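Tertiary structure, described
Below are the chains, spelled out letter by letter.
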Amino acid sequence: MTEHKKEEERIEVRFTLNGQDVDCTIAPMQMLLHLLRDHFLLKGTKPGCEEGECGACTILVNDMPVNACLYLAANAEGKRVWTIEGLGNGQDGLDEVQKQLVAHGAVQCGFCSPGMAMAIKGMQLFQQRTQQVLDRAAIQKWLEGNLCRCTGYVHIVDAAERLLQQNHG
Amino acid sequence: MNMEQKHKLKVIGQPVPKIDAGLRVSGKAIYGHDISLPGMLHGAILRAAYPSARFSIDVTEAAKLPGVVGIITANDVDMNHIGYKRDHPVLKKERVNSIRDEIAAVAAETKDIALQALRLIKVEYEPEEGVYDPHEALAAECGAINAQAQGKFGHPNIAEVFRYAHGDLAAEKARSAVVVERRYVLPRVSHACMATSNITAHYEKQTGKLLLYSSTQVPFLYQRDMAHALKMSASDIRVIQPVIGGGFGSKLDMYPFEPICAALSMKTGRPVQILFSREEEFVASPTRQPMEIWLSMGADSDGRFTYREVKVLKDNGAYTSWGATTPFVIMQAFSSLYQVRACAFEATAVYTNNVYAGSFRGYGNPQATFALERSIDLLADALHMDKADIRKLNANQPGDVTGQGLHYATCGHADCLDNVLKASAEAKAAIGPAQGRYRRGIGYASMLHVGGGAKIYRSDGCGTTIKLDPYGYCTVISGSNEIGQGSETVLAMMAAEELGIPINKVKVINTDTDVKPWDVGVHASRTSFVAGNSLLGAIGLLKEKLKAKACELMGVDIQDLNYDEGQIRTANGAQGVALDKVVRELHFTPPHELAVANYFYEPGSSFQDKGFKGNVSGTYAFAAQAIEVEVDTYTGNVAVKNAWVAQDVGKVLNPLLLAGQIQGGFMQGMGYAVSEELQMEKGRVINANFHNYKMLTAVDVPNIYFEAVETHDPQGPYGAKGVGEAPLIPTAAAIANAVCDALGIELCELPIHPERVLRALHGKANTIEPFKEGIAG
Ligand code: FES
Ligand code: FES
């Protein structure tokens, strides 16, 4: 063991988190997942694999879904970050995405659910921005990076389909 | 037990979403990964670098690392061996038998420090060759792989043997018009729960009590196992279950990391948390049993099944878990799925230096059903019989008592078959001649599974305490537990139904062994059935208590009452009194009673005798699936297009949750069929990540057409049976049959990945192998 470990390099990063401006000092290689969970104590973003393969940690950065586990916190500089905690600020605490997931029975163990909700939110925003209509096959494709071991995906895709149809129609 | 149903059901049968779905989908549910206690340390485990080796260990340098608070090896702890056969040292001393073997553990201020400390532990290994093939392990000259093995079965590497027989095998063989013999090979697959294994242990030296936040699915058995491991009194251990991110059988055993975490907390006097990485989850959590099944079976000239002779060889891995007892279920499929006159069964679990297998949803049944249903297709071919007809002819019927003594009081097997055969008929007719690049095929399979628990432990029961408060809310304290399957919601629905209150006035408390009454745990598709009956029993007692007071308040003679919309009413509806008022009067006026009742339900099933005969479950579930695939003959890729699924569920309690169980189970079965395999090379896991371990995704989902068959089981709550395991059991078999139907090939192995399809297409199919003699000592 080296006696005096070199003082670790720290950098500063500012972004908006669920609508609030935040700044913090981080290690350059810090992943956003850990910053969210361990520093901001936003435990809704789930660590399913921490290697970019399961989507449990899906959040929105500038309205597009990303895997927080592979996203360097440093890269959030100046961006808009939304986590599951930022959804559903109404009376009942549920966004329409979440309401559809609940109503369609798309939640079992629920460990994938926050990530699914964020991925679907990203879809909805994408559809609104581009005025494209995402059909069932496009929804399935969009969710390909989000694994779920419990539900078999059917109810999740149903929920997304209903939501996007409603938004469009 | 059926409650009297005088009125139409209002809540039962409705598509009620899971009561805490809103919390889960908001990221507010607290899983093991989200727990953080004051002063909590982070634990990490050092595992073997070789699957078979002698070793010596030195932790001196690691202990000096700033931030390390405690390190343990086998030399620092005094623990009993764990596992179903007590053949598993928690921390290994001087020799390791598998790549997941735990040899040291660190508790440190941060996870990073703990991981850094692991790298500073010096281990010197003398690696040995190791044994990775169960056949080799059984060779006469092969020594004991696990030194703790009991060696009761004639060879030190045999961990367990099950033998079963009914009927006159020789006579039935003699009268068989056709016989099919095959060897089937089933892979090792992982549960791949989305939340990795986790535990937080908090030992208080001041009280001598241990608090565990654990994702176990059998908290009371776990409490005992933990007490045994740590040499503590079981009741000094309190098990609290946080929200569980997937179970599927993986949490039926207690594993070494759990007592290790407790030992770290005892050593440091601080709470300690261990969270597995995904790689660790693949390497160090249990798997479905890999096995070889030799199956010989026959039929007479009418197509009636005559006999089945079965030998199963299971790769136990280095230690024995509950998974070694899967032959309980495997033999049931062979003895009792479809009518069969004779059956001789033998299963042997063998030690190897592979990772050890555990229990997994279906408990051996997907493997058994694969072999059986594949061979049924082959028998039909040999008889030139239609594959649907041979199944219908031999289907189980209500009232059957099988050779093994299973009593089918209700039985939807034939209905399930009829259902999927009819539903898929049009698609079948539309399949053109087998030509061109893409070929379509349809395959069938059925399944039988316990539907009301399984009497294996001393009790298969469940306790309930029910309480009404002065505001008219109900608290159900159930011994059973929720692992994501929705049992909590079903219990809340039952209470709402029976007490005539809205479901949001029902609270289910089921996560704390210090509070809840005994239950054997989540397995054997038992929770809705056993915990449901237990709750209904408690409600019956509670209503007896309320009756006298309610009648007194209404000024009527003692009589049976109705519960509706928060009111207790006379049978004719003329008079009523608010439920909450009755509770208040019960509490606050003489003789001052609590609106509380306790009930213990023990299913009417029986223990099996030494020959494994007996009516082991409260009821039995049946299912059939017809599956259409399209195979690309250029690439070997199998696309599952349509699935028709029918299941005897007794009675639909909640169609939304039921559909979720069906779809989720189906997709697990489909993954088992076409893509999943935990690959090992000489004892090492070589695909320990989601990139190389192929889980199905949303794009792979076929059309799933589900039909519930209701047989109204007299023993079931509202007539319901267990549903959780059935949907994945026949899936791999039906898909294999469909691929064989499409291509005219033979497949005896899973998963059916493109390479396997191409090999079969190009003439490298399985050859028929006779039974290997002496596989079971
Ligand atoms: S945790 Fe980020 S993708 Fe799995
Ligand atoms: S609900 Fe359990 S992983 Fe999706």
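Since we're looking at a predicted model, the values are computed, not measured.

This part covers the overall build of chain A. The helix and strand tally for chain A stands at five helices and five strands. Taking 15 Å as the expected radius of gyration for a compact globule of 169 residues, we find that chain A reaches 17 Å, a close match to that expectation. Seen through its principal axes, chain A has C-alpha atoms that stretch 65 × 30 × 30 Å. Split into buried and exposed, the 169 residues of chain A put 56% on the buried side. Sequence-distant contacts, at least 24 apart, represent 55% of the contacts inside chain A between residues at least 6 apart. Taken as a whole, chain A presents about 7,500 Å² of accessible surface, with 48% of it coming from carbon and sulfur. In chain A, 16 side chains carry a positive charge and 21 a negative one; their mean positions are 3 Å apart.

It is worth spelling out the overall build of chain B at this point. A count of helical and extended segments in chain B gives 18 helices and 28 strands. Taking 777 residues into account, the globule formula puts the C-alpha radius of gyration at 28 Å, and chain B, at 27 Å, falls close to it. Expressed as lengths along the three principal axes of its C-alpha atoms, the size of chain B is roughly 85 × 75 × 50 Å. Here chain B holds 777 residues, and 64% of them are scored as buried. A separation of at least 24 residues holds for 80% of the contacts in chain B among residues at least 6 apart in sequence.

Moving on to the nonpolar core. Core analysis: the largest hydrophobic core is formed by 164 residues, its most contacted members being Leu 101 and Leu 143 of chain A together with Ile 293, Phe 334, Phe 345, Ile 735 and Val 739 of chain B. Counting residues per element, this core draws most heavily on helix α17 (residues 731-743) of chain B, at 10 residues. Built from parts of two domains, this core gets at least three residues from each of domain 1 (8-85) and domain 2 (87-169) of chain A. With residues near it in sequence (within four places) discarded, Leu 143 of chain A still touches Met 116, Ala 119, Ile 120, Met 123, Ile 156 and Val 157 of chain A together with Ala 698 of chain B. Grouped together as the second largest cluster of nonpolar side chains are 47 residues, Val 506, Leu 542, Cys 551 and Ile 568 of chain B included.

What follows covers the pairing of strand β16 (residues 438-450) of chain B. All names here are of chain B. Of all the 13 residues making up β16, 11 are buried; the element is thus mostly covered by neighbouring parts of the structure. As defined by bridge partners, β16 adjoins strand β24 (residues 620-632) across 13 bridges and the pair is classed as antiparallel. Looking across to β24, one finds that Ala 445 is bridged to Gln 625.

Attention now goes to the sheet that holds strand β15 (residues 342-351) of chain B. Residue and element names in this part refer to chain B. As summarised here, the arrangement of the five strands in space is β7-β15-β14-β13-β8, forming an open sheet in which the pairing is mixed. Looking at strand neighbours, the two that pair on one side only are β7 (158-166) and β8 (178-186), the edges of this open sheet. Taking the axes of each pair of neighbouring strands and ignoring which way they run, one obtains an average angle of 5° across the sheet. One ladder, built from 10 bridges, connects strand β14 (residues 305-317) with β15; its direction is parallel.

Turning to the confidence of the model for chain B, a few remarks are in order. Residues and elements named next belong to chain B. Residues with a pLDDT of 70 or more make up 97% of chain B, whose mean pLDDT is 94. Considering only residues more than four positions removed or in separate chains, one finds that residues 765-777, a stretch of pLDDT under 50, has 32 contacts. On the interface metric, ipTM, the complex scores 0.95, and its pTM is 0.95.

Attention now moves to the pattern of salt bridges. Counted under the stated rule, the structure contains 50 salt bridges over all chains. Of the charged contacts, one joins Arg 136 of chain A and Glu 161 of chain A as a salt bridge, the two residues approaching to 2.6 Å between their closest N and O atoms. Of this pair, Arg 136 of chain A sits in helix α4 (residues 136-142) while Glu 161 of chain A is found in helix α5 (residues 154-168), placing the two residues 25 residues apart along the sequence. With a relative accessible area of 22%, Glu 161 of chain A lands in the partly exposed category. In this structure, Asp 315 of chain B engages Arg 188 of chain B in a salt bridge whose closest nitrogen and oxygen atoms are separated by 2.9 Å. Taken together, the residues span a long stretch of sequence, with Asp 315 of chain B in strand β14 and Arg 188 of chain B in the loop between β8 and β9 (198-204) at a distance of 127 residues. Neither residue differs from the other here; Asp 315 of chain B and Arg 188 of chain B are each classed as buried. Connected via shared salt-bridge partners are Arg 47, Lys 92, Glu 102 and Glu 280 of chain B.

Contacts between the two partners involve 49 residues from chain B and, on the opposite side, 42 residues from chain A. In this assembly, chain B packs against chain A so that about 3,700 Å² is buried in total across both faces, 62% of it on carbon and sulfur atoms. If you look at where chain B meets chain A, you find three salt bridges. One salt bridge connects Arg 37 of chain A with Asp 34 of chain B, and the closest N-O pair in it is separated by 2.8 Å. On the surface where chain B and chain A come into contact, there are 21 residue pairs in polar contact (both at pLDDT 80 or more). Looking at which element gives the most residues to the side of chain B that touches chain A, the answer is helix α16 (residues 655-674) of chain B, with eight residues. Considered class by class, the residues forming the side of chain B that touches chain A number 25 nonpolar, 19 polar and five charged.

All names here are of chain B. Read from one edge of the open sheet, four strands run β19-β18-β17-β23, paired in mixed fashion. Where the open sheet ends on each side, the last strands, each with one partner, are β19 (506-509) and β23 (596-601). Taking the axes of each pair of neighbouring strands and ignoring which way they run, one obtains an average angle of 15° across the sheet. The strands touched by helix α13 (residues 487-499) within the sheet are β17 (462-468), β18 (474-478) and β19, with β19 carrying the most contacts at an inclination of about 140°.

The next point concerns the state of the cysteines. Residue and element names in this part refer to chain B. Enumeration over the complete set of coordinates arrives at zero disulfides over all chains. Left unpaired, Cys 474 is separated from the closest cysteine sulfur, that of Cys 462, by 15 Å. Its relative accessible area of 0% is what places Cys 474 among the buried residues. Here Cys 740 is not cross-linked by a disulfide; its sulfur's nearest cysteine counterpart is in Cys 748, at 7.7 Å.

With that out of the way, let us pick up the packing of aromatic side chains. Residue and element names in this part refer to chain B. Tallying each qualifying case throughout the model produces 21 aromatic pairs over all chains. Centre to centre, the rings of Tyr 50 and Tyr 125 are 5.1 Å apart; their planes meet at 65°, and the pair counts as edge-to-face. Residue Tyr 50 is located in the loop between β1 (41-47) and β2 (53-58), and its partner Tyr 125 is located in strand β6 (residues 122-127); the two are separated by 75 residues in the primary sequence. Between Trp 644 and Tyr 705 the ring centres are 5.8 Å apart and the planes differ by 20°, which places this aromatic pair in the stacked class. Taken as a pair, Trp 644 in strand β25 (residues 638-648) and Tyr 705 in strand β28 (residues 703-709) lie far apart in primary sequence, 61 residues in all. The buried category is assigned to Trp 644, whose relative accessible area is 8%. Here the aromatic cluster, defined as three or more aromatic residues joined through ring pairs, consists of Tyr 50, Phe 55 and Tyr 125. Over the aromatic face of Tyr 319 sits the side chain of Lys 92, whose NZ or CZ is 5.2 Å from the ring centroid. Note that Arg 288 overlies the ring of Phe 360, its terminal NZ or CZ placed 4.1 Å from the centroid.

Looking at the element boundaries, Arg 182 of chain B is found in strand β8. In this structure the side chain of Arg 182 of chain B is engaged in a polar contact, spanning 2.4 Å, whose partner is the side chain of Glu 746 of chain B.

Let's shift gears to empty space enclosed by the protein. Residues and elements named next belong to chain B. What the rule picks out here adds up to eight cavities of 30 Å³ or more. In this model, the second largest cavity occupies a volume close to 110 Å³. Taken together, 15 residues make up the lining of the second largest cavity; nearest its centre are Ser 197, Lys 251, Tyr 255, Phe 257 and Glu 258. Its residues assigned to classes, the lining of the second largest cavity shows four nonpolar, seven polar and four charged.

With that out of the way, let us pick up the layout of surface pockets. Residue and element names in this part refer to chain B. Put simply, the second largest pocket is a space of about 480 Å³. Of all the secondary structure elements, the ones that give two or more residues to the lining of the second largest pocket are β8, β13 (291-299), β14 and β26 (680-681). Its residues assigned to classes, the lining of the second largest pocket shows 11 nonpolar, three polar and nine charged.

Quick notes on the rules
- Residues numbered from 1 in each chain as written.
- Chains lettered and ligands numbered in written order.
- Predicted model: local features only at pLDDT ≥ 70, side-chain atom pairs only at ≥ 80, totals over all residues.
- Heavy atoms only, no water.
- Helix = DSSP H or I, 4+ residues; strand = E, 2+ residues; numbered from the N terminus.
- Rg over C-alpha atoms; globule rule 2.2 N^0.38 Å.
- Buried < 20%, exposed > 50% of the residue type's maximum accessible area, 1.4 Å probe, protein only.
- Contact = heavy atoms within 4.5 Å.
- Areas by Shrake-Rupley, 256 points an atom, 1.4 Å probe, with all protein chains shown as cover.
- Lys, Arg positive; Asp, Glu negative; His and termini not counted.
- Charge placed at Lys NZ, Arg CZ, Asp CG, Glu CD.
- Core = buried A, V, L, I, M, F, W, Y, C linked by side-chain atoms within 4.5 Å.
- Domains from an automatic or database assignment.
- Pairing = 2+ DSSP bridges.
- Axes fitted to C-alpha atoms, helices over the stretch in contact; angles between N-to-C directions.
- pLDDT = per-residue confidence, 0-100.
- Salt bridge = Lys/Arg side-chain N within 4 Å of Asp/Glu carboxyl O.
- Buried area = accessible area lost by both parts, 1.4 Å probe.
- Polar contact = N/O pair within 3.5 Å; in protein donor to acceptor, adjacent residues only side chain to side chain.
- Nonpolar A, V, L, I, M, F, W, Y, C, P; charged D, E, K, R; others polar.
- Disulfide = S-S within 2.5 Å.
- Phe/Tyr/Trp six-rings, centres within 6.5 Å; stacked < 30°, edge-to-face > 60°.
- Lys NZ or Arg CZ within 6 Å of the ring centre and 35° of its normal.
- 1 Å grid on protein atoms, 1.4 Å probe; cavity = no way out; pocket = protein on both sides within 12 Å on 5 of 7 lines; lining within 4 Å.
- Points joined across faces, edges and corners; volume = space filled by probe spheres on them.

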